[in-house]
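Chain and residue survey
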Amino acid sequence: MAEVLSRPVRRRGRELEAAIFEATLDQLTSGGFARLTMEGVAGAARTGKAALYRRWTSKVELVIDALDSTLPRPSDTPDLGSARDELRYLVESFVSVVRSRAGGAMNALMAELDHEQAEVFKGFIAQRMIEPTKEVILDILRRGAERGDVRPGAATPLVADVVPAMLLYRIKVCGRQVGAEFVDQLVDEVLVPLIRS
């Protein structure tokens, strides 16, 4: 029975890729980037190392693709009639990503990288998560300014930085969880006074 379980499983395409990405996230979360190996991922995904090396030349490429594939993409926030409600919706969405399995893997990854590797992953996170989230915030603020519940001129890159900056500070520097209470505090005590018309 053990021999049967250790044998590579014949999978192809998306099914194989999904198993590899799942194994990658599991290894990142449980052992961190330093302990993650292509051999370990292949074993956990029940495939051969050759299947990994045909697609990715390094574990850095594999990790970026695994995160890119599994992290939800920031999307437009619906018009909810008020900037406060829209910001709350957006912050809740961002928090759910941070608290997801992929978010946990991303946190584990950033906690232990050397400077050179950290730059690669920081660039990925900025391009994939932070910048699109800031664009959605700017859209919310512009829409709010048109409605009159956001002061004119509030839609600036610096104001848009507040949400990701506060969340990353809370999680990475303070080591605290982010939940519904924090979402309410961030929106009502920080963002709304900052943008109020």
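Please read these numbers as outputs of a predicted model, since none were measured by experiment.

Points about the overall build of the protein
Helix and strand counts for the protein come out as 10 helices and 0 strands. Starting at the N terminus, the α and β elements of the protein follow one another as α-α-α-α-α-α-α-α-α-α. Dimensions of the protein, computed from the C-alpha atoms along their principal axes, are close to 65 × 30 × 30 Å. For the protein, contacts bridging at least 24 residues in sequence account for 71% of all contacts bridging at least 6. As displayed, the protein has an accessible area near 10,700 Å², and 52% of this comes from carbon and sulfur atoms.

So, helix α5 (residues 59–70)
A rise of 1.5 Å per residue sets the reference length of α5, with its 12 residues, at 16 Å; its end C-alpha atoms lie 16 Å apart and thus fit the reference within 8%. Along α5, the positions that sit buried rather than exposed are Leu62, Val63, Ile64, Ala66 and Leu67.

Things to note about the packing of aromatic side chains
Scanning all chains against the criterion turns up 2 aromatic pairs. Taken together, a centroid distance of 5.6 Å and an interplanar angle of 70° make the contact between Phe33 and Phe121 edge-to-face. With a gap of 88 residues between them, Phe33 in helix α2 (residues 13–35) and Phe121 in helix α8 (residues 115–147) connect regions that are remote in the sequence. Take Phe33 and Phe121: they sit in the same class, and that class is buried. For the cation-ring pair, Lys59 lies above Phe33, with the distance from its terminal atom to the ring centre recorded as 4.4 Å.

Side note on unusual backbone geometry
Not every positive phi belongs to a glycine, and Arg46 is a case in point at roughly 55°. Within the secondary structure, Arg46 sits in the loop between α3 (38–45) and α4 (49–55). Arg46 gets classed as partly exposed once you look at its relative accessible area, which sits at 32%.

Rules behind the numbers
Residue indices follow the written sequence of each chain, beginning from 1 at its first position. The predicted nature of this model means local features are confined to residues of pLDDT at least 70 and side-chain atom pairs, given and counted, to a pLDDT of 80 or more, with totals for whole chains, interfaces and linings taken over all residues. No hydrogens and no water enter the side-chain calculation; it runs on all heavy atoms of the structure. Where helices and strands are cited, they refer to DSSP runs of H or I of at least four residues and of E of at least two residues respectively, numbered from the N terminus. Contact definition: two residues touch when any of their heavy atoms are within 4.5 Å. Accessible surface is estimated by sampling points in the Shrake-Rupley manner with a 1.4 Å probe; for residues, cover comes only from the protein chains shown. Helix span is expected to be 1.5 Å times the residue number reduced by one. Relative accessibility thresholds used throughout: buried, under 20% of the residue-type maximum; exposed, over 50%; partly exposed, between the two (1.4 Å probe, protein chains only). Put simply, two rings from Phe, Tyr or Trp (the six-membered ring, in Trp's case) pair if the centres are within 6.5 Å, and we call them stacked under 30 degrees between planes, edge-to-face over 60, tilted for the rest. Over a ring means this: the NZ of a Lys or the CZ of an Arg is within 6 Å of the ring centre and within 35 degrees of the ring normal.

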